[in-house]
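The residues making up each chain are set out below.
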Amino acid sequence: MGLANILCVDNNKKEDIAKMELIKKGLKYYESILEGRAEYEESTDIIVPDSYPDVARIVGASGKAYIKEKNLQNDRLLISGTIKAAVYYVPEEGMGLKELSLPINFAHIEDGRSIPADALVWASADLLSIRASALNPRKLSVEALIVLDAKIYGKKTVEVTAGVQSLPEEGVEVLKETRVSFAPRSMKEKSFTLMDTLEFTGENGAASAHVLSAEPVSEDLRVIAEKIIAKGALKLKVLYMG
């Protein structure tokens, strides 16, 4: 509470001082305190498993980057995840394409000394490019360029005057004005699984399939009975081989 003095003037021109206490209220919310973007390359070599034929020619590669962890620890911001990659090649013997799947793990560290320990971290990873080359018929080299976006939110409190406290005989009146403001008060993430069936055309159907890209599209977002209802679609690009 704060102490304020009010100058009161009566009809007889006599001045008096009324003392009152301002009632303060703290409003808590989250505020963006830091944003950053980093691009870097990850590479790995892979031995072709014995169950796969020798590599004659690399056709291409694809993948998707996923965030596993994002933590603030020991004055550092650590973001780690994996790239689920696939390499497509023509075998030395036989026909058609072969798909060789492999994970590429990554970890990125930023200076976090200016970030509060109770801050919230939002992060995303995108695969900018991926390429593969054959070192020999049984060994491949894969290089991936990824971009990491991070946004840090810190807790903030702003004090506002919620009223006054005074004696009834002092006759203090309060002029009130309503203001509306919007600020994030809570932030959460939720992971969930989607399942659907894709019908492939052709006589033989699909022997194998790989998701080249998955783009979520938000169509509707509502708050009902203290719950958030999200509705949308997932646009997929799928490579399949018969």
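Just so you know, these numbers come straight off a predicted model, no measurement behind them.

The rules we used
Residues numbered from 1 in each chain as written. Predicted model: local features only at pLDDT ≥ 70, side-chain atom pairs only at ≥ 80, totals over all residues. Heavy atoms only, no water. Helix = DSSP H or I, 4+ residues; strand = E, 2+ residues; numbered from the N terminus. Contact = heavy atoms within 4.5 Å. 1 Å grid on protein atoms, 1.4 Å probe; cavity = no way out; pocket = protein on both sides within 12 Å on 5 of 7 lines; lining within 4 Å. Points joined across faces, edges and corners; volume = space filled by probe spheres on them. Nonpolar A, V, L, I, M, F, W, Y, C, P; charged D, E, K, R; others polar. Salt bridge = Lys/Arg side-chain N within 4 Å of Asp/Glu carboxyl O. Buried < 20%, exposed > 50% of the residue type's maximum accessible area, 1.4 Å probe, protein only. Pairing = 2+ DSSP bridges. Phe/Tyr/Trp six-rings, centres within 6.5 Å; stacked < 30°, edge-to-face > 60°. Lys NZ or Arg CZ within 6 Å of the ring centre and 35° of its normal.

A word on the side chain of Thr82. For Thr82, the location among the structural elements is in strand S4 (residues 76-91). When near neighbours in sequence (up to four residues on either side) are disregarded, Thr82 contacts Lys64, Ala65, Tyr66, Lys68, Pro103, Ile104, Asn105 and Phe106.

When its volume is computed, the largest pocket comes out at roughly 2,300 Å³. Along the wall of the largest pocket there are 42 residues; nearest its centre are Lys190, Ser191, Phe192, Pro216 and Leu234. Along the lines of polarity and charge, the residues of the lining of the largest pocket split into 24 nonpolar, 6 polar and 12 charged. Around the second largest pocket sit 27 residues that line it, and Leu27, Val160, Thr161, Ala162 and Glu177 are the ones nearest its centre. Sorting the residues of the lining of the second largest pocket by element identifies strand S1 (2-9), strand S2 (15-47) and strand S7 (139-165) as the ones contributing at least two each. Among the elements that line the lining of the second largest pocket, the one with the most residues is S7, at 6 residues.

Let's shift gears to the pattern of salt bridges. A side chain with one charge can pair with a side chain of the opposite charge if their charged atoms come near. For the coordinates displayed, the defined rule picks out 7 salt bridges. Here Asp149 ties to Arg37 by a salt bridge, and the two come within 2.6 Å at their closest N and O atoms. One end of the pair, Asp149, is in strand S7; the other, Arg37, is in strand S2, and 112 residues separate them in sequence. The exposure class of Arg37 is exposed, given its relative accessible area of 59%. Through salt bridges with shared partners, one network takes in Glu41, Arg131 and Glu143.

Let's shift gears to the pairing of strand S5 (residues 98-111). Of the pairings in the sheet, the one linking S4 to S5 comprises 14 bridges and is antiparallel in character. Following the sheet pairing, Ala85 is matched in S5 by Leu102. Connecting S4 to the next strand, S5, in antiparallel fashion are 6 residues, including Gly94 with a positive phi near 100°.

Okay, the environment of Asp126 next. Tracing the sequence through the fold places Asp126 in strand S6 (residues 120-136). Note on Asp126: relative accessible area 36%, which makes it partly exposed. Put simply, Asp126 and Leu145 are 19 residues apart on the chain and 8.8 Å apart in space, counted from C-alpha to C-alpha. Excluding residues within four positions of it along the chain, Asp126 makes contact with Ala65, Leu145, Ile146 and Val147.

Between two aromatic rings, the relevant description is the distance of the centres plus the angle of the planes. Using the criterion set out here, one finds 1 aromatic pair in the structure. Relative to Tyr153, the ring of Trp122 lies with its centre 6.0 Å away and its plane at 65°, an arrangement referred to as edge-to-face. Here Trp122, found in strand S6, pairs with Tyr153, found in strand S7; they are 31 residues apart in sequence, far enough to count as distant. According to the relative accessible area criterion, Trp122 is partly exposed, its value standing at 34%. We note Lys84 situated over the ring of Tyr66; from NZ or CZ to the ring centre the distance is 5.1 Å.

Take it as geometry only, folks, not as evidence of what the structure does.
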